[in-house]
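Notes for the structure review
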Amino acid sequence: MGYKEVYSAWQADPEKFWMDAAEKIDWDEKPSKALFDGNAPLYEWFSDGMVNTCWNAVDRHVEQGRGDQIAIMHESPITHSTKGITYKELQTRVASLAGALKMRGVEKGDRVIIYMPMIPEALEAMLACARIGAVHSVVFGGFAAHELAVRIDDCTPKAIIAASCGLEPGRTVHYKPLLDEAIEQAEHKPEFCVIFQREQEVAKLIEGRDFSWHGFQYGVKPAECVPVEGNHPVYILYTSGTTGQPKGVVRHTGGHLVALQWSMKNIYNIEAGDRFWAASDVGWVVGHSYICYGPLIAGATTVVFEGKPIGTPHPGVFWRIIQNNRIKSFFTAPTALRAIKREDPNGEWIKRYALHDLQALFLAGERADPATVEWAQKHLGVPVVDHWWQTETGWAIAANPIGIEELPTKVGSPSVPMPGYDIQVLDEGGHPVEAGQLGAIAIKLPLPPGTLPTLWNAEARFKKSYLEQFPGYYETGDAGYVDEDGYLYIMARTDDVINVAGHRLSTGAMEEVLAGHPDVAECAVIGVADDLKGQTPMGFLCLNSGCNRPHGEVVKECVSRVREQIGPVAAFKLATVVDRLPKTRSGKILRATMVKIADGQDWKMPATIDDPAILDEITEALKGLGYPKK
Ligand code: COA
Ligand code: AMP
């Protein structure tokens, strides 16, 4: 069957399509049906099946004779080490950690926060939680203590599993002090913490609260997999919304297993025994779906990469790892390729390695600009598949499903909808627009298995954020169009989310931090175009009347403030002081117009503007920052 037949088969009978897909999962009790729509517009999948994620990702492969196959390959150019863990070893390690968690009272449904760098133990911690039905929430290491504290208060974990440190090029990230500070700041206190002591930095443990990874597991009875309901949450993953309060995306067990298993074969063309690598971080959804769960559910080998595309030690590191691990499908963010392309425009580093096994390169996380895609196509000589999805969906909404059929590529488009997704481009009134017309991208409900059923402890926010604008649809927050051939083009976000180096960030959250500075009366943060990172945040600060401090000083403090409160990942380095912000007569800040001026695009004076002269002041301020660049 080709793509069209597969998509039509789903359209004709979604229930049968997903029940067939569910056959590839080991259920303790099979679900009686796929879709549970009794609480529409909230939907669930496979709710009455009983199943365990860890069993499907680890134990069943051992049982099927794959015990000696490498499950996780740790490639750490930062520590100059390479280490493989077989499925059998993984099973032993995960069962032991799960047993220790259980012995300390962690039960099905309890939350556990995981705050770890790119080491195999991060995946082991995730799997150990899933093994006993505990709900993990991984927090990205580039976030500061405050962000961790917000997540602790939101999901109220019984335990936190962390590492002593993370390693960025030229800098040790001191996780333990960040963790201690976060617990100090949070109202909710975890009962205990488990700390994986890395040899690069051994952290000081707090007696009675902190246990060392190995000591914690000493002498415990390994835990068996606990079957859970199909609609039991396997994890919560926080993502940026319009405010400083992140959204806790919930993932249900049954749909997650079915959708990831389906996607590994049909999108990435990966099956048991194959080798797959997603160069992302466990703190992001790509890390959840395609570093940890997807490849392991499929019985493939996954790579945990602790390094950067350049500088660790050179721009050939990706190709070396692909060669040495004989990677078949590789997934990264366009920003990583842009960084490599900048240092290796002629692909000289690529030529040094034998990439015979590589069949395709997958890109996601941000718009894949044509120049980067074409560079990769030319130098790698394999299909470059842009695919579009979000934390909320957990797997691709649109892609070129090379495991089914390699469709013709259109550079600039993540291709076509995957089964389960009925993508519509809507005008402001919620009516579908014609091909080629720009609009809000929405997905007809229900969303397929594996996508978010709700937000953690925030059902009303879930409905308001995603379901209310266009009744009957899920609003993606992206704008774009579909062409005559049904290919999708993603052009921009419709909200205050920006994408910096493939990292999803909220300008609203940054504004909240800036507004907390004692001299700042009002502020705006916008995302401006950046050649390397796609977008970069830029702040405009209006100071309190009577504040006579040098502007440079306030700007510096604001930059540190965002780094300290949100984290280095916000990459907030550009800000300027202005007298006033451009607003509509009803008081809405005209951020979109500011972005256009900063990017040097054509712009029209908004009809609703209160005082047009302010835009001249903004233009001057931007010039002071060196914008527009071209
Ligand atoms: N822990 C702690 N700090 C982290 C971190 C982590 N896991 N990840 C990033 N940071 C820090 C970086 O050290 C940097 O700090 P600095 O301001 O002290 O330099 C800051 O956060 C910004 O990081 P980043 O935006 O990643 O920029 P960079 O300059 O370190 O690297 C690229 C630039 C393009 C090489 C890099 O962004 C990259 O490879 N990105 C890949 C993106 C990706 O895989 N995204 C996943 C989405 S699917
Ligand atoms: P995240 O939830 O961090 O995965 O970010 C999701 C957002 O990143 C999407 O809503 C898009 O705005 C953007 N995005 C992800 N993949 C793509 C892509 N292939 N093309 C364009 N934008 C993308």
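Predicted, not measured: the structure shown is a model, and the values here were computed from it.

Considering the site of ligand 2
Among the 15 residues in the neighbourhood of ligand 2, the closest are listed as Asp 386, Thr 391, Asp 478, Arg 493 and Arg 504. Within the contact set of ligand 2, a nitrogen atom lies 3.1 Å away from a backbone nitrogen or oxygen of Gly 365. Between ligand 2 and Gln 390, the relevant distance is 3.0 Å, taken from an oxygen atom to a side-chain nitrogen or oxygen of the residue. Taken by itself ligand 2 offers 490 Å² of open surface, and the protein chains cover 92% of this. Its residues assigned to classes, the shell around ligand 2 shows four nonpolar, five polar and six charged.

Side note on the pattern of salt bridges
What the rule picks out here adds up to 33 salt bridges. In this structure, the salt-bridge partner of Arg 591 is Glu 511, at a minimum N-O distance of 2.9 Å. Taken together, the residues Arg 591 in helix H18 (residues 591-599) and Glu 511 in helix H16 (residues 507-515) connect sequence positions 80 residues apart. Here Glu 522 ties to Lys 583 by a salt bridge, and the two come within 2.3 Å at their closest N and O atoms.

A short note on the packing of aromatic side chains
Under the defined criterion, the tally for this structure stands at 37 aromatic pairs. Following the ring pairs from residue to residue traces out a cluster consisting of Phe 17, Trp 18, Trp 27, Trp 45, Phe 46, Trp 262, Trp 395 and Tyr 421. Residue placement shows Arg 151 over the ring face of Phe 143; its charged tip is 4.6 Å from the ring centre. Looking at Lys 410, its charged tip hangs above the ring of Tyr 487, at a distance of 4.9 Å from the centre.

Topic: the pairing of strand E16 (residues 275-278)
Examined bridge by bridge, E16 and strand E17 (residues 301-305) share two bridges and lie parallel to one another. Its bridge partner lying in E17, Arg 275 is registered against Thr 301. Sheet topology places E16 next to strand E18 (residues 329-332); three bridges connect them, and they run parallel. In the sheet register, Ala 278 faces E18, and the bridge partner there is Phe 331.

Notes on the UniProt feature "domain: Acetyl-coenzyme A synthetase N-terminal" (unreviewed entry) in the chain
According to UniProt, the positions carrying the feature "domain: Acetyl-coenzyme A synthetase N-terminal" (unreviewed entry) are residues 3-57. Summarising residues 3-57: 44% helix, 11% strand, and an end-to-end C-alpha distance of 27 Å.

Overview of the sheet that holds strand E26 (residues 488-493)
The strand order across the open sheet formed by four strands is E23-E24-E25-E26, and the pairing between neighbours is antiparallel. Taken across any chain shown, the strands that pair with only one partner, and hence form the sheet edges, are strand E23 (423-426) and E26. For this sheet, the mean angle separating the axes of adjacent strands, direction not counted, is 50°. Pairing between strand E25 (residues 473-482) and E26: five bridges, direction antiparallel. Its bridge partner lying in E26, Ala 479 is registered against Ala 492.

Overview of the pairing of strand E27 (residues 497-500)
Of the two faces of E27, both are covered, the one formed by Val 497 and Asn 499 as well as the one formed by Ile 498 and Val 500. Looking at chain direction, E27 and strand E28 (residues 503-506) are connected through four bridges and run antiparallel. Across the sheet, the residue bridging to Ile 498 is Leu 505, located in E28. Between E27 and E28, which pair antiparallel one after the other, the connecting turn spans two residues, and Ala 501 there sits at a positive phi close to 55°.

Some details on the layout of surface pockets
Taken as a whole, the second largest pocket spans an internal volume of roughly 530 Å³. A total of five residues in the lining of the second largest pocket trace back to one element, the largest contributor, which is helix H9 (residues 253-266). Of the residues in the lining of the second largest pocket, the class split is 12 nonpolar, four polar and eight charged.

Side note on unusual backbone geometry
Along the chain, Leu 445 connects to Pro 446 via a cis peptide bond; the corresponding omega equals 0°. With respect to the helices and strands, the residue Pro 446 is situated in the loop between strand E24 (439-444) and helix H15 (459-467). The residue after Tyr 627, namely Pro 628, is reached through a cis peptide bond having omega -5°. Looking at the secondary structure, you find Pro 628 in the segment after helix H19 (613-624). Backbone geometry places Asn 269, a non-glycine residue, at a positive phi of 55°.

Things to note about the site of ligand 1
Around ligand 1, 23 residues are found, and the nearest of them are Glu 168, Arg 171, Pro 309, Arg 563 and Lys 573. Contacts to ligand 1 include Arg 171, whose side-chain N or O atom sits 2.7 Å from an oxygen atom. Between Arg 563 and ligand 1, the recorded distance is 2.8 Å, taken from a side-chain N or O atom to an oxygen atom. Against a free-state accessible area of 940 Å², the protein chains account for coverage of 83% of ligand 1.

Digging into the UniProt feature "domain: AMP-binding enzyme C-terminal" (unreviewed entry) in the chain
The positions UniProt marks with the feature "domain: AMP-binding enzyme C-terminal" (unreviewed entry) are residues 510-588. Taken end to end, residues 510-588 is 27% helix and 32% strand, and its two terminal C-alpha atoms sit 17 Å from one another.

Regarding the environment of Thr 332
Tracing the backbone through its elements, the reader meets Thr 332 in strand E18. Exposure remark for Thr 332: the relative accessible area of 3% places this residue in the buried category. Leaving out residues up to four positions away in the same chain, Thr 332 has contacts with Ala 279, Phe 318, Leu 337, Leu 361, Phe 362, Leu 363 and Ala 364.

Points about the environment of Thr 393
The topology assignment puts Thr 393 in the loop between strand E20 (384-386) and strand E21 (398-399). Expressed as a C-alpha distance, the spacing of Thr 393 and Pro 449, which sit 56 residues apart in the sequence, is 8.9 Å. Excluding anything up to four places from it in sequence, Thr 393 contacts Arg 251, Tyr 421, Gly 450 and Thr 451. There is a polar contact of 2.9 Å between the side chain of Thr 393 and the backbone oxygen of Trp 395.

Thoughts on the sheet that holds E18
Taken in spatial order, the seven strands line up as E5-E4-E17-E16-E18-E19-E20 in an open sheet, and their pairing is mixed. Both outer strands of the open sheet, strand E5 (81-86) and E20, are each paired with one neighbouring strand and no more. Put simply, the sheet's adjacent strands are angled 20° from each other on average, direction ignored.

A short note on helix H1 (residues 3-12)
Within H1, the full set of buried residues consists of Tyr 3, Val 6, Tyr 7 and Trp 10. Here the buried residues of H1 occupy an arc of 95° about the axis, which is enough to place them on one side. Away from its buried face by more than 90 degrees, H1 exposes Lys 4 and Ala 12. Close packing links the buried residues of H1 with helix H2 (14-22), H9 and strand E22 (416-417).

Let's talk about helix H14 (residues 370-380)
Burial in H14 covers these residues: Thr 372, Val 373, Trp 375, Ala 376, His 379 and Leu 380. The arc that holds the buried residues of H14, viewed along the axis, is 160°, so those residues lie on one side. Of the surrounding secondary structure, the elements contacted by the buried residues of H14 are helix H11 (317-324), helix H12 (334-343), helix H13 (348-351), strand E19 (360-363) and E20. Looking one or two places after H14, you find Gly 381, whose phi comes out positive at around 65°.

The rules behind these values
Residues numbered from 1 in each chain as written. Chains lettered and ligands numbered in written order. Predicted model: local features only at pLDDT ≥ 70, side-chain atom pairs only at ≥ 80, totals over all residues. Heavy atoms only, no water. Near = heavy atom within 4 Å. Polar contact = N/O pair within 3.5 Å; in protein donor to acceptor, adjacent residues only side chain to side chain. Areas by Shrake-Rupley, 256 points an atom, 1.4 Å probe, with all protein chains shown as cover. Nonpolar A, V, L, I, M, F, W, Y, C, P; charged D, E, K, R; others polar. Salt bridge = Lys/Arg side-chain N within 4 Å of Asp/Glu carboxyl O. Helix = DSSP H or I, 4+ residues; strand = E, 2+ residues; numbered from the N terminus. Phe/Tyr/Trp six-rings, centres within 6.5 Å; stacked < 30°, edge-to-face > 60°. Lys NZ or Arg CZ within 6 Å of the ring centre and 35° of its normal. Pairing = 2+ DSSP bridges. UniProt positions renumbered as here; feature names shortened; annotations may be inferred. Axes fitted to C-alpha atoms, helices over the stretch in contact; angles between N-to-C directions. Buried < 20%, exposed > 50% of the residue type's maximum accessible area, 1.4 Å probe, protein only. 1 Å grid on protein atoms, 1.4 Å probe; cavity = no way out; pocket = protein on both sides within 12 Å on 5 of 7 lines; lining within 4 Å. Points joined across faces, edges and corners; volume = space filled by probe spheres on them. Contact = heavy atoms within 4.5 Å. Arc of directions from axis to C-beta.

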